[in-house]
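Chains, contacts and geometry: an overview
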Amino acid sequence: GAVVSQHPSWVICKSGTSVKIECRSLDFQATTMFWYRQFPKQSLMLMATSNEGSKATYEQGVEKDKFLINHASLTLSTLTVTSAHPEDSSFYICSARGADRGYGYTFGSGTRLTVV
Amino acid sequence: KQEVTQIPAALSVPEGENLVLNCSFTDSAIYNLQWFRQDPGKGLTSLLLIQSSQREQTSGRLNASLDKSSGRSTLYIAASQPGDSATYLCAVLDGGSQGNLIFGKGTKLSVKP
């Protein structure tokens, strides 16, 4: 089945630094990738949608200058949290789908970001 | 605006019991519906995907049904096991061009040995 690899699985960084999270589709071409944020005991909150080769579409309230998304190829998307602060600490999950959305979405294993 | 609701929010059952998790959505114009499992601190694992034209899907001890007209889906788990303990998320794929998944808040299942 479709596999999405996300790493790192966890990262601790100092306040003010930037962190990059990678999301790769291993056995299919991910036409569209999605980035979610999940707070403790909450469901997933969509942050942005990215199509390969295009600028990401951000959800209302998500700062695009803080959360930089790059989807340069059909198998790789990256989320960079710039100038991270403790309130950015969260669980970030990516998902990917191919050109035919009828095949469902595949999720990465998530990244736990802790900003100290 | 599509809203997805899952009931109950939490469920605790003894091992071996059959159980049903419920999911409802407000807009029946969906493309498909997907059930996921999430273990603590982990990503989502897809369990079952039901297209809008389908009524149900089965995988092992899991059976998911879809009644699009009434905006409901159920996930049936037969002969529950402690390893089934996790949070189960229901998500609908809207019919818009971006095709965003809309998630419910999940049902946290605990199966006691």
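Residues numbered from 1 in each chain as written. Chains lettered and ligands numbered in written order. Predicted model: local features only at pLDDT ≥ 70, side-chain atom pairs only at ≥ 80, totals over all residues. Heavy atoms only, no water.

1. Here we look at the sheet that holds strand β8 (residues 72-77) of chain B
All names here are of chain B. Strand order in the open sheet formed by five strands is β1-β3-β8-β7-β6, and the pairing between neighbours is antiparallel. Pairing within the sheet leaves two strands with one partner each, and these edge strands are β1 (4-7) and β6 (56-59). Averaged over neighbouring strand pairs, the angle between their axes works out to 15 degrees when direction is ignored. As paired elements, β1 and strand β3 (residues 19-25) share four bridges and run antiparallel to each other. When the bridges of β3 are listed, Ile7 appears paired with Asn22. (Pairing = 2+ DSSP bridges. Helix = DSSP H or I, 4+ residues; strand = E, 2+ residues; numbered from the N terminus. Axes fitted to C-alpha atoms, helices over the stretch in contact; angles between N-to-C directions.)

2. Here we look at the interface of chain B and chain A
Note on interface size: it is often stated as the accessible area lost on association of the parts. The interface is formed by 25 residues belonging to chain B together with 23 residues belonging to chain A. Counting each side, the surface lost to burial between chain B and chain A is near 1,700 Å², with a carbon and sulfur contribution of 48%. Across the contact surface, chain B and chain A share zero salt bridges. In this structure, the connection of chain B to chain A is made through four residue pairs in polar contact (both at pLDDT 80 or more). Going through the elements one at a time, β4 (30-38), β5 (44-51), β9 (86-94) and β10 (101-103) of chain B are the ones with two or more residues in the side of chain B that touches chain A. No other element matches the five residues that β4 of chain B contributes to the side of chain B that touches chain A. (Contact = heavy atoms within 4.5 Å. Buried area = accessible area lost by both parts, 1.4 Å probe. Salt bridge = Lys/Arg side-chain N within 4 Å of Asp/Glu carboxyl O. Polar contact = N/O pair within 3.5 Å; in protein donor to acceptor, adjacent residues only side chain to side chain.)

3. A word on unusual backbone geometry
Going from His7 of chain A to Pro8 of chain A, the amide bond is cis rather than trans, its omega being 10 degrees. By secondary structure assignment, the location of Pro8 of chain A is in the loop between β1 (4-7) and β2 (10-13). Here the bond from Ile7 of chain B into Pro8 of chain B is cis, since omega is 0 degrees, no more than 30 degrees from zero. Tracing the sequence through the fold places Pro8 of chain B in the loop between β1 and β2 (10-14). Even without being a glycine, Ser83 of chain A presents a positive backbone phi close to 45 degrees. For Ser83 of chain A, the location among the structural elements is in the loop between β8 (76-81) and β9 (90-97). The backbone phi angle of Ala79 of chain B is positive, close to 45 degrees, even though this residue is not glycine. Counting through the fold element by element, Ala79 of chain B comes out in the loop between β8 and β9.

4. Concerning the nonpolar core
Of all hydrophobic cores here, the largest spans 24 residues; its most connected members are Trp35, Phe67, Leu79, Tyr92 and Leu113 of chain A. Taken together, the elements giving at least two residues each to this core come down to β2, β3 (19-25), β4 (32-38), β5 (44-51), β7 (67-73), β8, β9 and β11 (111-115) of chain A. Setting aside anything within four residues of it in sequence, one finds Leu113 of chain A in contact with Val11, Cys13, Val19, Val81, Asp88, Ser89, Ser90 and Tyr92 of chain A. Within the second largest apolar cluster, 22 residues are counted, among which are Val4, Leu48, Leu62 and Ala64 of chain B. (Core = buried A, V, L, I, M, F, W, Y, C linked by side-chain atoms within 4.5 Å. Buried < 20%, exposed > 50% of the residue type's maximum accessible area, 1.4 Å probe, protein only.)

5. Some details on the confidence of the model for chain B
Of all residues in chain B, 97% attain a pLDDT of 70 or more, and the chain-wide mean is 93. Mean pLDDT across the elements of chain B ranges from a minimum in β10 of chain B, with 90, to a maximum in β8 of chain B, with 98. (pLDDT = per-residue confidence, 0-100.)

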